[in-house]
Amino acid sequence: MATPAFRRFSSAVIVATLAVILWGAYVRASGSGAGCGSHWPTCNGQIIPRPKNLATVIEFTHRATSGLVLLLIVAQMMWALRVFPRGHAIRRAAAATTVFIVTEALVGAGLVLFEMVAGNKSLARAAWIASHLVNTFALLAAMVITRWLAGRTDDPPPPERSPPRGAIAALLCGLGATVLVATSGAVAALGDTLFPARSLAEGLQQDLSAASHLFLRLRIFHPVLAVASAAYLVVVAALLASRVRGARHLFTALGALVLTQVAVGLLNLALLAPIPLQILHLLLADLVWIVLVLATATLWRARSSSA
């Protein structure tokens, strides 16, 4: 059984990771990705650099805090291996979290070493950004499952009805749609950073012009995908909120987060993507993902307990 200390530590690791993710978005949005040059793991060839500009401070701060989170996740895995018996699910979840933080660091290193930062407008950069986002979501999922397992007791769960037929499949589709929307959003945010518009009309003109960069022509698909995905998730959340005992709070939170995310996205579009709104938009996307993962895990457990 997980100790309260382990549960608190796991929660703190999630919060710290979210902070690092949001700071990484600020690195990209502020154009500071090349603040340490094309050096990794050093910064401009130095372990602890003497900052010559603000971009170096921003990028080095991101690297330092990322390294701290990596150490916290390794400590969490070692703790789980020590406390839980061989074969326990939480050991596998903690190990998966460690694997994904390592691959996260490697993708980040690739972005720097291959100069997929700052003003790079290549399609390869979009591919790197997309892979970075998918790995980040996998990392968050593993962390959340670790914390969820730590919050469970060793007592058998109370008997309950099996989840509605197709509920888990619906949530899995929601997870896939969320990844797709977030990936398109990452490319759209990159386009906003590289090709800032002076007005909403100019931005729409860029999106629809055949002469525009591909990042801009793809940008218009993000709000379309986002609205369609949001409608789907709100309907699924509403249907399951009253039919799955013990998970109503999750589906209520999911619906509220999705609607808030749409509102912030529209405001972000109208105000031409100011950096604070970009970061809030990303935070909401991460929270939607976390709640979806928790809801899916909860229904999976309910199905297993009622089998």
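Not measured: the values here are computed from a predicted model.

**Focus on the side chain of Thr 146**
The topology assignment puts Thr 146 in helix 4 (residues 123–151). Classification of Thr 146 by relative accessible area gives buried; the value is 0%. With residues near it in sequence (within four places) discarded, Thr 146 still touches Phe 6, Ser 10, Gln 76, Ile 90, Ala 93, Ala 94 and Thr 97.

**Here's the deal with the confidence of the model for the chain**
Overall, the prediction assigns the chain a mean pLDDT of 90, with 94% of residues at 70 or greater. Contacts from residues 154–159, a stretch scored under 50 in pLDDT, to residues over four places away or in other chains number six contacts.

**Observations regarding the environment of Pro 85**
Structurally, Pro 85 can be placed in the loop between helix 2 (54–83) and helix 3 (89–113). In the structure, Pro 85 is positioned 143 residues away from Ala 228 in sequence and 44 Å away in space, judged by C-alpha atoms.

**A closer look at the pattern of salt bridges**
Close approach of charged atoms allows side chains of opposite charge to pair. Using the criterion set out here, one finds four salt bridges in the structure. Salt-bridge contacts for Arg 198 lead to Glu 202; the nearest nitrogen and oxygen are separated by 3.0 Å. On the basis of relative accessibility, which here comes to 74%, the residue Arg 198 falls in the exposed class. With its nearest N and O atoms 2.7 Å apart, the salt bridge here joins Arg 219 to Asp 207. You can see Arg 219 sitting in helix 7 (residues 214–219) and its partner Asp 207 sitting in helix 6 (residues 200–208), a full 12 residues away along the chain. Take Arg 219: its relative accessible area is 10%, and that puts it in the buried class. By relative accessible area, which is 10% here, Asp 207 ends up buried. Because the salt bridges share partners, they merge into one network encompassing Asp 192, Asp 207 and Arg 219.

**Some points on the packing of aromatic side chains**
If you walk through the whole model with that rule in mind, you get six aromatic pairs. Consider the rings of Phe 9 and Trp 79, whose centres lie 5.6 Å apart with planes at 50 degrees: the pair is tilted. Remark: Trp 79 occurs in helix 2 and Phe 9 occurs in helix 1 (residues 4–29); sequence separation between them is 70 residues. The class for Phe 9 is partly exposed, based on a relative accessible area of 23%. On the basis of an interplanar angle of 25 degrees and a centroid distance of 4.6 Å, the ring pair of Phe 137 and Trp 289 is categorised as stacked. One end of the pair, Phe 137, is in helix 4; the other, Trp 289, is in helix 10 (residues 275–306), with 152 residues separating them in the sequence.

**So, the packing of helix 4 against helix 5 (residues 167–194)**
Two numbers describe how helix 4 lies on helix 5: the axes approach to 9 Å, and their chain directions differ by 135 degrees. As judged from the angle between their axes, helix 4 and helix 5 are oblique. In the packing of helix 4 onto helix 5, the handedness of the crossing is right-handed. In this structure, helix 4 contributes Arg 125, Ala 126, Ile 129, Ala 130, Leu 133, Val 134 and Phe 137 to the contact, and helix 5 contributes Thr 178, Val 179, Ala 182, Thr 183, Ala 186, Val 187, Leu 190 and Leu 194. For the contact of helix 4 with helix 5, a count of residues per class yields 12 nonpolar, two polar and one charged.

Cut-offs and rules
- Residues numbered from 1 in each chain as written.
- Predicted model: local features only at pLDDT ≥ 70, side-chain atom pairs only at ≥ 80, totals over all residues.
- Heavy atoms only, no water.
- Helix = DSSP H or I, 4+ residues; strand = E, 2+ residues; numbered from the N terminus.
- Buried < 20%, exposed > 50% of the residue type's maximum accessible area, 1.4 Å probe, protein only.
- Contact = heavy atoms within 4.5 Å.
- pLDDT = per-residue confidence, 0-100.
- Salt bridge = Lys/Arg side-chain N within 4 Å of Asp/Glu carboxyl O.
- Phe/Tyr/Trp six-rings, centres within 6.5 Å; stacked < 30°, edge-to-face > 60°.
- Axes fitted to C-alpha atoms, helices over the stretch in contact; angles between N-to-C directions.
- Parallel < 35°, antiparallel > 145°, perpendicular 65-115°, else oblique.
- Left-handed = near helix turned anticlockwise from the far one by under 90°.
- Nonpolar A, V, L, I, M, F, W, Y, C, P; charged D, E, K, R; others polar.

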